[in-house]
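# Observations on chain architecture
Next come the chains, spelled out residue by residue.
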Amino acid sequence: MDDRHPIEGEALSGFTPKESRLASLLLGMQCDIAAYQNAASGGTLPVQQAEDSIRSIKNKYSSMIREEFRAPSGRRGEGENS
């Protein structure tokens, strides 16, 4: 394992802080979704309620991701079409 200090703004994993934040949000969303899927599979929660909750989770995380990575001053972010 490379134990050198990371380049400023970059973690040892090679992710920038923004990339790490995005990975954290995506992992959190997947964990939340899995919890509802497991509850529905085990019969603890009705399937329809799990599906509704999963839809809500996806909407909320999508909104958080958009807000977190919105370009300042209404400019388009990198890679977006004009």
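Look up a bit, the structure's there.
Remember, it's a predicted structure, so these values are computed and weren't measured experimentally. (Residues numbered from 1 in each chain as written. Predicted model: local features only at pLDDT ≥ 70, side-chain atom pairs only at ≥ 80, totals over all residues. Heavy atoms only, no water.)

### Some details on the packing of helix α1 (residues 17-41) against helix α2 (residues 47-68)
The packing of two helices is summarised by the inter-axis angle and the distance between the axes. Relative orientation of the contacting elements α1 and α2 amounts to 175°, with a least axis distance of 9 Å. As judged from the angle between their axes, α1 and α2 are roughly antiparallel. Note on element contacts: α2 touches α1 through Val47, Ala50, Ser53, Ile54, Ile57, Lys58, Tyr61, Met64, Ile65 and Glu68, opposite Lys18, Arg21, Leu22, Leu25, Leu26, Gly28, Met29, Asp32, Ile33, Tyr36, Gln37 and Ala40. A per-class count over the contact of α1 with α2 returns 14 nonpolar, three polar and five charged. (Axes fitted to C-alpha atoms, helices over the stretch in contact; angles between N-to-C directions. Helix = DSSP H or I, 4+ residues; strand = E, 2+ residues; numbered from the N terminus. Parallel < 35°, antiparallel > 145°, perpendicular 65-115°, else oblique. Contact = heavy atoms within 4.5 Å. Nonpolar A, V, L, I, M, F, W, Y, C, P; charged D, E, K, R; others polar.)

### Things to note about α1
Across its 25 residues, α1 extends 36 Å between first and last C-alpha, which sits within 8% of the 36 Å expected from 1.5 Å per residue. If you follow the buried residues of α1, they end up packed against α2. Residue Gly43 follows α1 closely and has a positive phi angle near 85°. (Expected span 1.5 Å × (residues − 1).)

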